[in-house]
Amino acid sequence: MNSKNPPKKNNWSWRSQAFRGLIYQVVALFVIGGFVWFLAHNTLLNMRVRGIQSGFDFLTQAAGFDIGESLYPFDSAQPYWQAFLVGVTNTLRVAVLGIVLATVLGTLLGVGRFSRNALVRGLCQVYVELFRNIPVLLQLLLWYVILTEVLPAASDAWVLGSFFLSKGGLNYPIPVWSIGQLWAAYGLIPGLVLAWVYRRWAKRQFEATGRVRSMFWMPTVIIVAASLLGWLLGGAPTALNRPFKGDFSIENGGALTPEFLAVLLGLTLYTASFIAEVVRGGIQSVPLGQSEAAAALGLSRQQEMRLVMLPQALRVIIPPLTNQYLNLTKNSSLAVAIGYPDVVSIANTALNQTGRAVECISLVMLVYLSTSLGTAILMNWYNSRSAIKER
C-alpha cells in the first residue's frame, strides 16, 4: 500500500464521530418537536372541550385600557399588539439603560477593590456585600417607597436649575425638535465611523511603536465634534421645552416616572454588585508577573490597569458578564410589583380582559427569549473579538 495515499475516511460511516453526532442531533430535534406538538395539541383539545377561546386574533382588537408610561402616544382605542409593543419598548428601555449603567458602576467598583487606598477599597467591598445580599425585589420596593413617600410633593419639588425632583418623578428640559437636531443626528453617523477608524489606527500604532494613544477621550471628542458640526450646519437651534411648576404638577419638559426610576435604580445597583465581583475575579486571574512587567516599563497604576490587566482579564470577564446582563433583563419582569408598565404588566392586563392566558404568556416568553438570545449572540461575538490570539 502506498503510504503517500492513505485510504480515504468514510464520513458517512457509523464509526465516524461526526456522523453519529449528526444523527443524535436529528433524533433529539424530532423528540423535542414531537413533545412540543403533543403539548400544544393536548392544550388546544382541552381548551376546545371546555369552551375556552384560543388564538391570537385578539391582538387586532381594541385594547380598551390606557398605559401610564410610553415612549410614544398610546390610547385605549389602539389594538392589543400596539399595547404589547409599548410594553416591549418599556422593558428594553430599562434593560438597555440598566446594562450600561451597571457595567460602568460595576467596573469602577471591581477596579476599586484593587485600590491602594484602604478607604476606597473598603467602601467598594461594603457596597458589594450590601447590595448583592438583599433580594432585588426588596430593593425595588425600597426605592419606590423612597421616591413616592420621602420626596416632596410637586408643589415643593427640589429644583436644580431646570430639573425638578418630586414624588411625580424627575422632570427635565428637552430640545424643541427642529431641522437642527436632525442635522446633529446626521453628524453623529460620520462621527461614529471616524471614531471607529481612529481606534483601529491607534491600536495598530500601539502594536507597532508601543506609543499609547487615547482610546476613549479622543473618539469621544470626534463624535461630539461631528455632532456639533451638524448642529451648527442646521442653524444651531437652542430652543428648549423647559418644565415649570403648575397648579398640581410639574408641566412641560420631559419626565421620568417614579416607577421607571425605581426599577432602573434597583436593577442597576443590584446587578452592579455582581458585575464588580466578575471584574475583580477577572483581574485576579491575570498572572502577577504582568503587573510587575507593567511597573518595570514605567506605566502608571491607571495605565497598568487599562492597558495590561483589563484587556487580558476580558476573556474571563465576558462569559459571566453575559449572565449578569441576562439576569438584569429577566429581573426587569419584577417591575410589575411597583406598577411599571413593562411587557409582563401589559400581558397581565390583556390576559384578564381577554382570557387568552396561553397566548399572553407565550408572547411574554417569546419577548424574553428573543432579548436573551440577542444579548447572548452579541456578547459571544464580542467575546470572540476580545479573545487573545495565539500563534
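Residues numbered from 1 in each chain as written. Predicted model: local features only at pLDDT ≥ 70, side-chain atom pairs only at ≥ 80, totals over all residues. Heavy atoms only, no water.

1. Considerations on the overall build of the protein chain
Each helix and strand counted, the protein chain has 11 helices and 8 strands in total. For 391 residues, the compact-globule estimate of 2.2 N^0.38 gives 21 Å, and the C-alpha radius of gyration of the protein chain, at 27 Å, exceeds that figure by more than 25%. Taken over the C-alpha atoms alone, the protein chain extends approximately 90 × 70 × 50 Å along its principal axes. For the protein chain, buried positions account for 34% of its 391 residues. Partitioning the intrachain contacts of the protein chain with sequence separation of at least 6 by distance along the chain shows that 66% fall at a separation of at least 24. Looking at the protein chain as shown, the accessible area adds up to about 24,000 Å², and 66% of this sits on carbon and sulfur atoms. The average position of the 30 basic charges and that of the 17 acidic charges among the side chains of the protein chain differ by 21 Å. (Helix = DSSP H or I, 4+ residues; strand = E, 2+ residues; numbered from the N terminus. Rg over C-alpha atoms; globule rule 2.2 N^0.38 Å. Buried < 20%, exposed > 50% of the residue type's maximum accessible area, 1.4 Å probe, protein only. Contact = heavy atoms within 4.5 Å. Areas by Shrake-Rupley, 256 points an atom, 1.4 Å probe, with all protein chains shown as cover. Lys, Arg positive; Asp, Glu negative; His and termini not counted. Charge placed at Lys NZ, Arg CZ, Asp CG, Glu CD.)

2. Thoughts on the packing of helix H7 (residues 258-284) against helix H9 (residues 301-331)
In helix packing, the relevant descriptors are the interaxial angle and the interaxial distance, both defined with respect to the helix axes. Remark: H7 packs on H9, axes separated minimally by 8 Å, with the N-to-C direction vectors making an angle of 145°. For the pair H7 and H9, the crossing hand works out as right-handed. Contacts between H7 and H9 involve Leu267, Tyr270, Thr271, Phe274, Ile275, Val278, Val279, Gly282 and Ile283 on the former and, on the latter, Met305, Met309, Leu310, Ala313, Val316, Ile317, Pro320, Leu321, Gln324, Tyr325, Leu328 and Asn331. Here the residues of the contact of H7 with H9 sort into 17 nonpolar, 4 polar and no charged. (Axes fitted to C-alpha atoms, helices over the stretch in contact; angles between N-to-C directions. Left-handed = near helix turned anticlockwise from the far one by under 90°. Nonpolar A, V, L, I, M, F, W, Y, C, P; charged D, E, K, R; others polar.)

3. Let's talk about the pattern of salt bridges
Here the structure, examined in full by the defined rule, presents 6 salt bridges. Across the salt bridge formed by arginine 93 and glutamate 69, the nearest N and O atoms sit 2.6 Å from each other. Here glutamate 69 lies in the loop between helix H1 (17-49) and helix H2 (80-112) and arginine 93 lies in helix H2, a separation of 24 residues in the sequence. Residue arginine 93 shares its accessibility class with glutamate 69, and that shared class is buried. Each of Arg113, Glu129, Arg132, Glu277 and Arg280 takes part in salt bridges that share partners, so that together they form one network. (Salt bridge = Lys/Arg side-chain N within 4 Å of Asp/Glu carboxyl O.)

4. What to know about the packing of H2 against helix H3 (residues 118-131)
Two elements in contact, H2 and H3, have axes separated by 8 Å at closest approach and are oriented at 130°. With respect to their mutual orientation, H2 and H3 come out oblique. For the pair H2 and H3, the sense of crossing is left-handed. Across the interface between the two elements, Leu105, Leu109 and Gly112 of H2 pack against Val120, Arg121, Cys124 and Tyr127 of H3. Grouping the constituent residues of the contact of H2 with H3 by class yields 5 nonpolar, 1 polar and 1 charged. (Parallel < 35°, antiparallel > 145°, perpendicular 65-115°, else oblique.)

5. Brief notes about the pairing of strand S3 (residues 169-172)
The sheet contact formed by strand S2 (residues 163-166) and S3 spans 3 bridges and is antiparallel. Note on S3: the bridge partner recorded for leucine 165 is leucine 170. (Pairing = 2+ DSSP bridges.)

6. A word on the packing of aromatic side chains
Evaluated as defined, the whole model comprises 6 aromatic pairs. Seen in terms of ring centroids, tyrosine 198 and tryptophan 201 are 5.9 Å apart; in terms of plane orientation they differ by 40°. Their pairing is tilted. A residue pair is termed a helical-turn pair when its members lie 3 or 4 positions apart in one helix, as tyrosine 198 and tryptophan 201 do in helix H5 (residues 179-209) at 3 residues. Residue tryptophan 201 is classed as partly exposed on the basis of its relative accessible area, which comes to 33%. (Phe/Tyr/Trp six-rings, centres within 6.5 Å; stacked < 30°, edge-to-face > 60°.)

7. Focus: the nonpolar core
Core analysis: the biggest nonpolar cluster contains 42 residues, and Tyr127, Phe260, Val263, Leu267 and Leu321 have the highest contact counts within it. Broken down by element, the residue count for this core peaks at 14 residues, all from H7. The contacts of valine 263, once residues within four sequence positions are left out, are Val94, Leu140, Ala335, Ile338 and Tyr340. Cys360, Leu363, Val367 and Tyr368 belong to the second largest nonpolar core, which has 20 residues in total. (Core = buried A, V, L, I, M, F, W, Y, C linked by side-chain atoms within 4.5 Å.)

8. Observations regarding a positive patch on the surface
Where like charges cluster on the molecular surface, the positive patch consists of Arg199, Arg200, Lys203, Arg204 and Arg385. Of all the elements, H5 adds the most residues to the positive patch, at 4 residues. Here lysine 203 shows up in helix H5. (Patch = residues over 30% accessible without salt bridge, like charges linked within 9 Å, V, L, I, M, F, W, Y side chains within 5 Å.)

9. A look at unusual backbone geometry
In this structure, asparagine 252 is a non-glycine residue whose phi angle is positive, near 65°. Tracing the backbone through its elements, the reader meets asparagine 252 in the loop between strand S7 (250-251) and strand S8 (254-256).

10. Focus: the layout of surface pockets
For the second largest pocket, the calculated volume is near 220 Å³. Around the second largest pocket, the lining residues are Leu92, Ala95, Val96, Ile99, Tyr325, Thr329, Thr371, Gly374, Thr375, Leu378 and Met379. Counting residues per element, the ones that place at least two in the lining of the second largest pocket are H2, H9 and helix H11 (357-386). For the lining of the second largest pocket, the element with the most residues is H11, which contributes 5 residues. Here the residues of the lining of the second largest pocket sort into 7 nonpolar, 4 polar and no charged. (1 Å grid on protein atoms, 1.4 Å probe; cavity = no way out; pocket = protein on both sides within 12 Å on 5 of 7 lines; lining within 4 Å. Points joined across faces, edges and corners; volume = space filled by probe spheres on them.)

11. Remarks on H9
With 31 residues, H9 should reach 45 Å at 1.5 Å per residue; the first-to-last C-alpha distance of 36 Å falls well below that figure. By the largest-angle criterion, leucine 314 marks the main kink of H9, which is about 50°. (Expected span 1.5 Å × (residues − 1). Bend = angle between axes of the 7 residues up to and from the residue.)

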